[in-house]
Every structure is written in structure tokens, then in C-alpha cells.
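Residues per chain are reported as follows:
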Amino acid sequence: MSTSRSTVHDGPPQAPAAAPPPPAAEVELAIGGMTCASCAARIEKKLNRMDGVTATVNYATEKARISYGAGTEVADLIATVVRTGYTAEEPPPPAPAPAAAPADGPEAEAAQEAPDPATAALRSRLLVSAALSLPVVLLAMAPALQFDNWQWLSLTLAAPVVVWGALPFHKAAWANARHGAATMDTLVSVGTLAAFAWSLWALFFGHAGMPGMRHGFDFTVSRTDGSSAIYLEVAAGVVTFILLGRYLEARSKRKAGAALRALMELGAKDVAVLRDGREVRVPVASLRPGDRFAVRPGEKIATDGTVIEGESAVDASMLTGESVPVEVSVGDTVTGATVNTSGRLVVEAVRVGSDTQLARMARLVEEAQNGKAEVQRLADRISAVFVPVVLLLALGTWVGWLLATDDPTAAFTAAVAVLIIACPCALGLATPTALMVGTGRGAQLGILIKGPEVLESTRRVDTVVLDKTGTVTTGRMALSGVHPAPGTDGAELLRLAGALEHASEHPIARAIASGAAERGPLPVPESFESLAGLGVRGVVEGREVLVGREQLLAGRSVVLPEGPAQAKEAAEAEGSTAVLVAWDGAVRGVLTVADAVKETSAEAVSRLRALGLTPVLLTGDNRAVAEAVAREVGIDEVIAEVLPQDKVDVVRRLQSEGRTVAMVGDGVNDAAALARADLGLAMGTGTDAAIEAGDLTLVRGDLRVAADAIRLSRRTLATIKGNLFWAFGYNLAALPLAAAGLLNPMIAGAAMAFSSVFVVTNSLRLRSFR
């Protein structure tokens, strides 16, 4: 459990003259040239050796997130990466898209799916290498296809593959060698060049170049005369298989990041700003807070703002996952990138650029994808030492086979198989790809996961504390019951009371007025007076009407009869607020008002129970109100009448009982409890303080999403663990097989390439989460 967000650590007393240390700056660098997890581990190690620098390098996203102190410049960080043998640069700020840029439709989708130049170049290299390698592999594997001097055709076809096709591996291996390091490229380069060099020696100086030479193929190490054995199919086949693995991996990684790219591209490209009474279309980037802009039906809302004119329904499904449009009118807030579906709106911009909800969502998702789970840090440490160990193991395999069999061909074959099979790429991809897909899918569903450490928390949670107001309930008072006295019509009771309350600004009055207005038009009062702390009085349709507390009626000698008195007591016992209505000197009925329970809360509680969680209702309201809400939604454990500052103590007490606690809340007074809980889930409809303190943010104000968030987090964690199990298990099983001579090097190359593809493909299954 981490409580660093809410805990202040005091150091030893400072001398008066000592100035506080300057705050650390942060930068994100785009890293180029990484080919495996050991590359990322090397860069991270070099950066972290710098004074005051803390760096995390992510192989999957190809980014380094670096915190550095005074005396260090970004140029110094870039120089360190370059000296390590890679490239680094600050990502350019996002340029405003031109007005003509496609925002929707097939063109936008095509643009999004277009491969990047690096992937296109890799594809070309793969296709050429595959076309040249296929005849070489077929000739080597099928002796019936071998004709006189077939080996020279194989050499002609394999040479471009080994030299040009494998050029990226050779260049990377040489660059790393100059810096005293070894990576996966070193293994591939050494293995393929060794196989090619042996073949050249056998062809030119041995018996392999003789006309009529025939060559069998074996899935395991076979003992032959070394001077007549060629490994051209190994050299060409391994290069092609690894290029195929790299290409599929690059495409899969692009798919894994597609959700984040789509999120960033959701916003409108231009906007119709109102200038001197005219609509002027300008790029969204030029909007400023306070600008007013028009949104026609079918258009995207350009930025976060407040409706100042018009009524419409807004489709926010791309941000929240909620398919039902939300009705908005004057005074309501709207979010950038949502779609206006019906009427014309005029909106005043409140937040623009990087301050909008869309930008904050994208930032949260990207930060989560750049993080590392503790289990991934273990994998990174293994990757950092893995390649040197494999080189030693390959050398040991060669020596061991020579001593055991005195057969240099078999020894060489087994050593090359060890070099080829032992790629740590799957280890480096196991966590980042699952995290990229999981957080991206979450963003599409309105679930923002702060980072990989959150996933571990979701697995352990057994108790979920639900704040009542705004989380289980709507947080707004609503009319809950109409109880007319004998001889009074309920519709008339509500109509007259609603007409009078319509003139009041009190929350209870607004609840009654809204409930009455839903049932029909309301008359206009002929006179109106608000009596502070008591209620209201006035004349409606010629009748003097009183609406309010019992003291208001008693002050005018109106006696409360038994029927309405019982209705009032019953309502208050259930935690509702009872409002008395009287006219013509007699009590005519009782209206009850309560904080309405959200329609989805009962289903949400049921889903949380299905996940093995015990729900607890936490509120500052009186116990009668809390227990009534708990009964309605199916919660057994209630903690009521808690002061805002005491919510943290409740969470701490539950933890002291051995529980692992998740907290769901939306208010400022929930922020400390969200930070203290093992897992904080902040409702996105709540305050910025609550969202900042939470580990998971639920963009939609629907408690069912809390259950979805926990399910998605657990599924993502399970995928990461499955990936790591495969990656570790693959290497642990494959290396002994290769060293024992049970794997042909070409088969080893295919297995190694597809281990990475398997890990990424397994992660992509998270895209189907519902």
C-alpha cells in the first residue's frame, strides 16, 4: 500500500541559512535505436547514474520519463543517451491540425492506420529477405530438390539476406560493442555471421563446394563432416524469422497504442467563434478562456465550457463509454470532444488546451503506460545481464560439445542455437504491451488507471467503502412522496405547493417544484413570501398556501391532524425530509423529499459483491437516512454520522482489522480518504481534489463503472502475469534444449521470433474487454 500522496515526511531540522532544495524538473524523451529490453535497461542504468537523476525507460512506448535536479540540463540527458549508443530527443509539441484535416470518417481512420516510415522500411526488408530465403530453406530441407551446384545458388541468395537484411542487427551490435555492451542484436549478429562464415569456409576450403554435394536437414544437432556442412539456411532463415517477429511486434505495438492515439485525436480541429455578432472559423488552438463559440448539430464541442444559449443533447460516449446522450441547457457544463446531436448551442470556453478534460485524460493514460510494475523491474534487471550470460553459455556449450564428442560441427550448431534462441524481448514486452492495451481500453470505457502499481492493489482488495452523497445517490434532493390528507386531491396538493416553491431558491423547494412541474403546468402565485428557516407562504389561485415546517403552521394556529402527523413521522424515520402543506387554515398533506438513489447503484453493489468485495456505506448523514439508502441498494454494513475529517480514520480502522480497502468518492472531503485507501476510485463527476487523490478515475458518474474498473485492472494484471510466465518459461525451457543439441538453429530463430509476437498478441486480447 502506498500513501505517499497524503503523507509528509519531515527531515532533520535545517539550519536557518539553508535554502530548501529546488523542485525537480521532469522531461520525457523519445528514445531511438532500442531493439530489446536490455537496451532499455542499459539506458535507464546510465541515466540513473547521473547526479540527481531518476529515469524510467519503457521499451514498448520507446520513451524515457526523467526527473532531474538543478545543475542538469536536458541537453546533458540527451548526451548521456547518445553516448550509450542510442538517439534521444524531446517530443515536439502537438501542432494544431489544419481546418481541412479529417476529424471523422474513413479518411481519418485510414490516416490513423497508416504505418509509420520505420515500420514500412522494416516491411520492405522483410519481404525481400523472405523472397530470397525461401528457396534456400527449401533446398536445404528437401534433398530431393538439390541439384548439382545447388549450394552455390543458396550462397547467392543467402548473402544479401545476411548482409543487407540483417544490417540493422549488425549495426546495432557494432554500436553496442563500441560501448562495451551486448544486446539481443549481438546474439543475432554473432549467430548469423558465424553460420555464414562457417558456410563460406566449407564452400571455398572444404568439400561443401564440390559438384554433386547433398545435404540433409535435421531438427536436432546431427554429426557430420564439418568441411561438408553448410548453414546458409540457418543464416538466412534466422534473419527472416527475426525480421518477421520484429515487424509483427511493431504492428502489434502500434495497435496497442491505438486507443491513446485515438483519444488524443478526438478533439475538434476548428471552431466557429463569435466575433462582433458573426461566426468566424478558427483553429481550436487559438481558443482562449472566455471566448464564445457556436456548435451546430452534428459538430464536436471544441473545448470544455458552459452553455450560455440553446438546448440540446450531447453524446459523450467517446469519453465516458455512456451511449445515452445527456440533455444540456443554459448553465450546464459541456466537455470538449463530445458531440452536439440536436439543437444549436453557444458555449463559453472555460478550459482550453492542456487544461481540458480530454487532455488530462490523455495525459493520465500516457503516464500510466510509461510506468513500470515491480514485477517488470525484476524482468528488466534480468534482461540487463541476460545477454552476457547467454554469450558465456554459448561458449560453454561449444567447449562442452567439443570435449564430449570431438565433433566441431555439432558443437558449432548447438552453440549457434543457444545464441539464437535466447532473446529477452518477450520479457521486455510482457508488462508494457498489456499495460498499453489495458489502459487504452479503459480510457475508451471512461476508466483512467493511474499506473501499473494500481493493478496490484485491485487484486488484493476485499472491502469497498462507498461514499453516499454523489456516489450511491445523485447528491441532489428530489421529490420522493406525496401524502394528501383525507379529502384532498394529491395532484392539487402538489400543484399548489409546487407553484409556491417554484419562486424559491432553496434546494428542497427546487426539488418539490421540479417534481410538480413534471406532472403538469404550474400556476403563477399572486403573492409570495419566504420565511427564513420555516418555509414559504403566498396566494395561489385565490388561496393562502403555507409550505414548510410544523413551526410555520403552529405560528398561524394550524393544527397538525393525526394522518399527516403519522406520514411525517414515517418519512423522517426513513431519513426523508417532510414538508407540510396547508391552505384555508387546514393541513392538506405532506410532501417528502430525499437525496435520490441512482438507478444503477443497486446493480453496481451486486456487481461489486460478485467480485468478492464487501460493500460498506460511509456518510455524514444521520443513521436513519444512511440505513434507508443501504437497504435500497443492498448494503449490510453502514457507517453514518461521520465528519468529513474523520473519513480517513474510518479507512484506517478498517485496514487495522486486516482488510484491504478500496474507497469510492467524489468530493473534496473524500480526497484524504481516497489517498489513504489501498485503492482510491474517484468519480470523474466530482472535484479535481478527489480525482487527483484517486488511483482510478471513473469519468462517468455511474457506480457500475467501479466494478468494471476493478474487473479491467484484474484482467490486465492477469495478462501481465501470463505474459511474464510465458517469457520466463520460454527461456528457461528453450536454453537447455538448445544447449543439449535438441534444436536446429533455424527452428530456434523461429521460436524466438514468435515468443515476442505471442506476448504482444496475448496483450491485444484486452481490447475485447466489455
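Residues numbered from 1 in each chain as written. Predicted model: local features only at pLDDT ≥ 70, side-chain atom pairs only at ≥ 80, totals over all residues. Heavy atoms only, no water.

Looking at an unreviewed UniProt entry, one finds the protein named Cation-transporting P-type ATPase B, with Streptomyces globosus as its source organism. A UniProt comment under Sequence similarities (unreviewed entry) is attached to the protein, and it reads "Belongs to the cation transport ATPase (P-type) (TC 3.A.3) family. Type IB subfamily." If you open the UniProt record of the protein and go to Subcellular location (unreviewed entry), you find "Cell membrane". (UniProt positions renumbered as here; feature names shortened; annotations may be inferred.)

(A) Focus on the UniProt feature "transmembrane region" (unreviewed entry) in the protein. In this numbering, the UniProt entry assigns the feature "transmembrane region" (unreviewed entry) to residues 126-144, 150-167, 187-208, 228-248, 382-404, 410-431, 723-740 and 746-764. Span residues 150-167 is 94% helix and 0% strand, its end C-alpha atoms 25 Å apart. Helix makes up 94% of residues 723-740 and strand makes up 0%, while its end C-alpha atoms are separated by 26 Å. (Helix = DSSP H or I, 4+ residues; strand = E, 2+ residues; numbered from the N terminus.)

(B) Layout of unusual backbone geometry. Although it is not a glycine, D406 sits at a positive phi angle of roughly 55°. When you line up the elements, D406 lands in the loop between helix 12 (374-405) and helix 13 (408-421). The class for D406 is exposed, based on a relative accessible area of 66%. A positive phi angle, close to 50°, is found at E541, a residue other than glycine. With respect to the helices, strands and loops of the structure, E541 is situated in the loop between strand 18 (535-540) and strand 19 (543-548). (Buried < 20%, exposed > 50% of the residue type's maximum accessible area, 1.4 Å probe, protein only.)

(C) Layout of the sheet that holds strand 6 (residues 278-283). Spatial ordering of the open sheet is given by 6-5-7-13-8-11, a layout of 6 strands whose pairing is antiparallel. Both outer strands of the open sheet, strand 6 and strand 11 (333-334), are each paired with one neighbouring strand and no more. Across 6 bridges, strand 5 (residues 270-275) lies against strand 6 in antiparallel orientation. Paired with D270 across the strands is P283, a residue of strand 6. (Pairing = 2+ DSSP bridges.)

(D) Spatial organisation of helix 13. Counted at 1.5 Å a residue, the expected span for helix 13 with its 14 residues is 20 Å, and the 20 Å between its end C-alpha atoms agrees. Counting buried positions along helix 13 gives 13 out of 14 residues, so the element sits mostly inside the fold. Two or three places before T409, at the start of helix 13, stands the capping residue D407, its side-chain oxygen 3.0 Å from that residue's backbone nitrogen. (Expected span 1.5 Å × (residues − 1). Polar contact = N/O pair within 3.5 Å; in protein donor to acceptor, adjacent residues only side chain to side chain.)

(E) Up close: a positive patch on the surface. On the surface, K45, K46, R49 and R83 cluster together into a patch of positive charge. As for its position among the elements, K46 is in helix 1 (residues 37-48). (Patch = residues over 30% accessible without salt bridge, like charges linked within 9 Å, V, L, I, M, F, W, Y side chains within 5 Å. Areas by Shrake-Rupley, 256 points an atom, 1.4 Å probe, with all protein chains shown as cover. Salt bridge = Lys/Arg side-chain N within 4 Å of Asp/Glu carboxyl O. Lys, Arg positive; Asp, Glu negative; His and termini not counted. Charge placed at Lys NZ, Arg CZ, Asp CG, Glu CD.)

(F) Layout of the environment of D185. With respect to the helices and strands, D185 occurs in helix 7 (residues 184-205). Placed 12 residues apart in sequence, D185 and A173 show a C-alpha to C-alpha distance of 5.3 Å. If we ignore the near neighbours within four places in the chain, the residues touching D185 are T35, F169, A172, A173 and R246. (Contact = heavy atoms within 4.5 Å.)

(G) A nonpolar patch on the surface, seen in detail. Together, L395, W398, V399 and L403 make up an exposed nonpolar region whose accessible area comes to about 410 Å². Here L403 is to be found in helix 12. Judged by its relative accessible area of 73%, L403 is exposed.

(H) Representation of the sheet that holds strand 3 (residues 63-68) in the model. Reading across from one edge, 2-3-1-4 is the order of the 4 strands in this open sheet, with antiparallel pairing throughout. The outermost strands of the open sheet, each flanked by one partner alone, are strand 2 (54-58) and strand 4 (87-89). Strand-to-strand twist of the sheet, defined as the mean angle between neighbouring strand axes without regard to direction, takes the value 25°. Bridge count between strand 2 and strand 3: 5 bridges; the pairing is antiparallel. Bridge pairing links N58 to K63 in strand 3. Against the sheet, helix 1 contacts strand 1 (25-32), strand 2 and strand 3, and its axis sits at roughly 170° relative to strand 2. Where helix 2 (residues 74-83) meets the sheet, its contacts fall on strand 1, strand 3 and strand 4, and the angle it forms with strand 1 comes to roughly 30°. (Axes fitted to C-alpha atoms, helices over the stretch in contact; angles between N-to-C directions.)

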